[in-house]
Protein chains: 2
Amino acid sequence: MSAHTVLQGRNSTVTISADGPFTIIGERINPTGRKVFAEQLRNGDLSTVSEDAIAQVQAGADMLDVNAGIPLVDEPQLLMDMLRTVQEAVDVPICIDSSVIEALEAGLSVYEGRALVNSVTAEDERLEEILPLVAAHGAAVIGLANDETGIPETPEKRLECARKIVDAAQGHGIAKDDVIIDPLAMTVGADTEAVTTTLRTISLIRDELGVNMCLGASNVSFGLPQRHVLNAAFLPMAMAAGLTSAIMSAAPICIEAVRAADLLLGHDAWGASWIAAHRARQAAAATG
Amino acid sequence: MSAHTVLQGRNSTVTISADGPFTIIGERINPTGRKVFAEQLRNGDLSTVSEDAIAQVQAGADMLDVNAGIPLVDEPQLLMDMLRTVQEAVDVPICIDSSVIEALEAGLSVYEGRALVNSVTAEDERLEEILPLVAAHGAAVIGLANDETGIPETPEKRLECARKIVDAAQGHGIAKDDVIIDPLAMTVGADTEAVTTTLRTISLIRDELGVNMCLGASNVSFGLPQRHVLNAAFLPMAMAAGLTSAIMSAAPICIEAVRAADLLLGHDAWGASWIAAHRARQAAAATG
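Source: prediction; values computed, not measured.

(A) Quick peek at the pattern of salt bridges. Residues and elements named next belong to chain A. Under the counting rule described, the total for this entry stands at 22 salt bridges over all chains. For Arg42, the salt bridge is made with Glu39, and the minimal N-O distance between the two is 3.7 Å. In this pair, Arg42 and Glu39 are both assigned in helix H1 (residues 35–42), three residues apart and thus about one turn of the helix distant. Overall, Glu39 belongs to the partly exposed group, its relative accessible area being 40%. A salt bridge links Lys164 to Asp124; the nearest nitrogen and oxygen atoms lie 3.0 Å apart. With a gap of 40 residues between them, Lys164 in helix H6 (residues 155–171) and Asp124 in helix H5 (residues 124–136) connect regions that are remote in the sequence. Residue classification places Lys164 among the partly exposed positions, given a relative accessible area of 31%. Under the relative-accessibility criterion, Asp124 is labelled partly exposed at 45%.

Spelled out as structure tokens, the structure:
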């Protein structure tokens, strides 16, 4: 039995599972590395938030990640405003993304549906802070496979962190189905073994824990040219190893790589979705 | 120690190995399913052979497959003519592709360099016919992982076929390094398990036999729309599982997926080739 993580928006449901198609979580609503966007948010201009929400869902995102991490900003307030804006623009479940507990708390208090909290780690203090909040809101949570000692170099140590998070969550009444492990993706530009380590971690966690997994797929190409092409090659590998969702770019080459891999891995029987998408594009091209 | 298969053209050498970048074998010089090309060949017009050879090598192919299989044609003679034409047009090692022993024999007799013979199977009769020929010419050989009973459904049975081929080759004085196993790729359009079976076969053969592997990558998308996108998603998966070469399309999206996967899997240290290719494209765009 593979794990099933059920997330909800206002009137939408997404189930993350190894049985079905991969879950694409759009990464774009995040001011990190986006100077103009950060400046807009600082000035209370949320127009890009709506635009990015709509564009990513139209491009094929199943869910959206929302992050309000800007230095010297009232992050809880901004995150609430951004979540309200996104939920008015599109109806998909949201991944509430912050390292600040007060921001997660504020975000969960206004979110309509069943959110995915991004994230906890295997650090004792973080587990004790965040898991009660996740449990109180009946949410699901992403657990990063690192602890007080940093990011483990070996898949086996990342598995240990993952196991600790799953156990701690269960101790707080959060079902294993509602814990999604992030096996951690680092850039191959800094470490030639980075991706193979991530792939082995994914296989190991799949085989030993059987939980859903999610990672920030774009990390693998950080600092390299043609990032979308690298990301599009990485995603099918990670999916074949057992990854079930990713926070990722909604660029067409990335979305298509995921949907192609769904078909190849038997999660789009007889290519029904693939062929329907192809026909829809043909029809759009003919009338456009 | 991973296997090293050394192939040669007139003045070129390619080494297929799990240590280095993936070997791309251009699939295009094959009349199967190409009516106009087949008709040209039938009429002795080899101009497309030269053009396809040059175009595929320019696009990034490391080697070329050459097949002359047209019904009611003198295949040995045509294959000799095609091989001479290709070797005059480009200097890369060639995969001599025929199911007809006389054609392989004729091809090997004119080929300048160290060829890859495509292919033998685990059928006793084929092994006894083809392996002595491969040994006599000091060539390398592709062994398809099927036998008299057809294409095995399970990875374990394909491994058995592979082992039988490797053993038989060694009995004929052909080193394990010079046997490349084809784990067999079928279309996912006919069997939703086809690709996962192939991927498991690749991992199993890597772990148990440690030989090089090559497959006809485009088979996976047969009968489906947007074949290049599917093939480009398949190749990184197969590479991560242990595939070391493929007979494949030299379409840009497929070549880029392979080179991206090389980088991600640590076979292009610090992205040196990836970055050089990117800069060359930028320079070409600036001067074009």
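(B) Region of the structure containing the pairing of strand E1 (residues 4–8) of chain B. What you see with E1(B) is a clean split: Thr5(B) and Leu7(B) sit on the buried side and His4(B), Val6(B) and Gln8(B) on the side with no burial. With antiparallel pairing between neighbouring strands as the criterion, E1(B) and strand E2 (residues 13–17) of chain B make up a hairpin whose turn holds four residues.

(C) The side chain of Ser245(A), seen in detail. Residues and elements named next belong to chain A. Note that Ser245 resides in strand E10 (residues 245–248). Polar contacts involving the side chain of Ser245 include one to the main-chain carbonyl oxygen of Met213, which spans 3.0 Å. When residues no more than four places from it in sequence are discounted, the contact partners of Ser245 are Ile16, Phe22, Thr23, Met213, Cys214 and Leu215.

(D) Seen up close, the pairing of strand E7 (residues 140–144) of chain B. Residues and elements named next belong to chain B. The element E7 is largely enclosed, with a buried count of five among its five residues. Here E7 shows two buried faces, one formed by Ala140, Ile142 and Leu144 and the other by Val141 and Gly143. As paired elements, strand E6 (residues 116–120) and E7 share four bridges and run parallel to each other. Looking across to E7, one finds that Leu116 is bridged to Ala140. Inspection of the sheet shows E7 paired to strand E8 (residues 179–182) by four bridges, in the parallel sense. In the strand pairing of E8, Ile142 is matched with Ile180. Between the parallel pair E7 and E8, the chain is carried across by helix H6 (residues 155–171), and the sense of this crossover is right-handed.

(E) Structural view of helix H5 (residues 124–136) of chain B. All names here are of chain B. Compared with an ideal rise of 1.5 Å per residue, which puts 13 residues at 18 Å, H5 spans 19 Å between its outermost C-alpha atoms and is within 8% of the ideal. For H5, the full list of buried residues reads Arg126, Leu127, Ile130, Leu131, Leu133 and Val134. Packed against the buried residues of H5 are helix H4 (101–110), E6, E7 and H6. Positive backbone phi, approximately 60°, marks Gly138, located one or two places after H5.

(F) Spotlight on the relation of the copies chain B and chain A. It takes a turn of 180° to lay chain B on chain A, together with a shift of 0.0 Å along the axis; the resulting RMSD is 0.0 Å. Overall, the copies show the geometry of a two-fold rotation axis. Of the C-alpha atoms belonging to chain B, the one lying closest to the rotation axis is found on Met237(B), 2.2 Å away. A share of 100% of interface residues in chain B that are also interface residues in chain A marks the association as one of identical surfaces.

(G) Region of interest: the interface of chain B and chain A. Each partner contributes to the interface: chain B provides 33 residues, whereas chain A provides 33 residues. Counting each side, the surface lost to burial between chain B and chain A is near 2,900 Å², with a carbon and sulfur contribution of 78%. Counting across the chain B and chain A interface gives zero salt bridges. Counting across the chain B and chain A interface gives six residue pairs in polar contact (both at pLDDT 80 or more). When residues of the side of chain B that touches chain A are traced back to their parent elements, those giving at least two are helix H7 (194–208), helix H8 (227–241), helix H9 (252–264) and helix H10 (272–287) of chain B. When residues of the side of chain B that touches chain A are assigned to their parent elements, the largest contribution, seven residues, is made by H8(B). Looking at the side of chain B that touches chain A, its residues break down into 24 nonpolar, six polar and three charged.

(H) Main features of the packing of aromatic side chains. By the definition in use, this model includes zero aromatic pairs over all chains. Of note, Arg34(A) hangs over the ring of Phe37(A), and the distance from its end group to the ring centre comes to 4.3 Å.

(I) Inspection of the sheet that holds E10(A) at higher detail. All names here are of chain A. Taken together, eight strands build a closed barrel; the order of strands is E3-E4-E5-E6-E7-E8-E9-E10 and the barrel is parallel. Looking at each pair of strands side by side, their axes are set apart by 25° on average, direction ignored. In this structure, strand E9 (residues 212–216) lies alongside E10, joined through three bridges in parallel fashion. By the bridge assignment, Cys214 is partnered in E10 with Ser245.

(J) Fine view of the side chain of Arg158(B). Residues and elements named next belong to chain B. For Arg158, the position within the fold is in helix H6. One buried charged residue, Arg158, remains without a salt bridge, the closest side chain of opposite sign being Asp191 at 6.7 Å. Those residues in contact with Arg158 that sit more than four places away from it in its chain are Ala145, Ile151, Pro152, Glu153, Pro183, Leu184, Thr197, Thr198 and Thr201.

(K) Structural view of the nonpolar core. The biggest cluster of nonpolar side chains holds 206 residues, and the ones touching the most others in it are Met82(A), Ile181(A), Met82(B) and Ile181(B). Once residues within four sequence positions are removed from consideration, Met82(B) is found in contact with Ile29(B), Phe37(B), Leu41(B), Leu46(B), Val49(B), Val66(B), Asn67(B) and Ala68(B).

(L) Inspection of the sheet that holds E6(B) at higher detail. All names here are of chain B. Strands sit in the order E3-E4-E5-E6-E7-E8-E9-E10 around a closed barrel of eight strands; the barrel is parallel. Each neighbouring strand pair of the sheet contributes to a mean axis angle of 25°, computed without reference to strand direction. Packed onto the sheet, helix H2 (residues 47–59) meets strand E3 (23–29) and strand E4 (63–67) and runs at close to 155° relative to E3.

(M) Expanded view of H4(B). Residues and elements named next belong to chain B. The buried fraction of H4 is high, at seven of ten residues. Every buried residue of H4 is accounted for by Ile101, Ala103, Leu104, Ala106, Gly107, Leu108 and Val110. Looking at the buried side of H4, the elements it contacts are helix H3 (75–89), strand E5 (94–97), E6 and H5.

(N) View of the environment of Leu127(B). Residue and element names in this part refer to chain B. As for its position among the elements, Leu127 is in helix H5. With a relative accessible area of 2%, Leu127 lands in the buried category. Sequence-wise, Leu127 and His172 are 45 residues apart; in three dimensions their C-alpha atoms are separated by 9.6 Å. In this view, Leu127 contacts Val120, Thr121, Ala122, Pro132, Lys164, Ile165, Ala168 and His172; residues no more than four positions away in its chain are not counted.

Each value, and the rule that gives it
Residues numbered from 1 in each chain as written. Chains lettered and ligands numbered in written order. Predicted model: local features only at pLDDT ≥ 70, side-chain atom pairs only at ≥ 80, totals over all residues. Heavy atoms only, no water. Salt bridge = Lys/Arg side-chain N within 4 Å of Asp/Glu carboxyl O. Helix = DSSP H or I, 4+ residues; strand = E, 2+ residues; numbered from the N terminus. Buried < 20%, exposed > 50% of the residue type's maximum accessible area, 1.4 Å probe, protein only. Pairing = 2+ DSSP bridges. Polar contact = N/O pair within 3.5 Å; in protein donor to acceptor, adjacent residues only side chain to side chain. Contact = heavy atoms within 4.5 Å. Right-handed = clockwise from strand over helix to strand, strands pointing away. Expected span 1.5 Å × (residues − 1). Least-squares fit on C-alpha atoms with pLDDT ≥ 70 in both. Buried area = accessible area lost by both parts, 1.4 Å probe. Nonpolar A, V, L, I, M, F, W, Y, C, P; charged D, E, K, R; others polar. Phe/Tyr/Trp six-rings, centres within 6.5 Å; stacked < 30°, edge-to-face > 60°. Lys NZ or Arg CZ within 6 Å of the ring centre and 35° of its normal. Axes fitted to C-alpha atoms, helices over the stretch in contact; angles between N-to-C directions. Lys, Arg positive; Asp, Glu negative; His and termini not counted. Core = buried A, V, L, I, M, F, W, Y, C linked by side-chain atoms within 4.5 Å.

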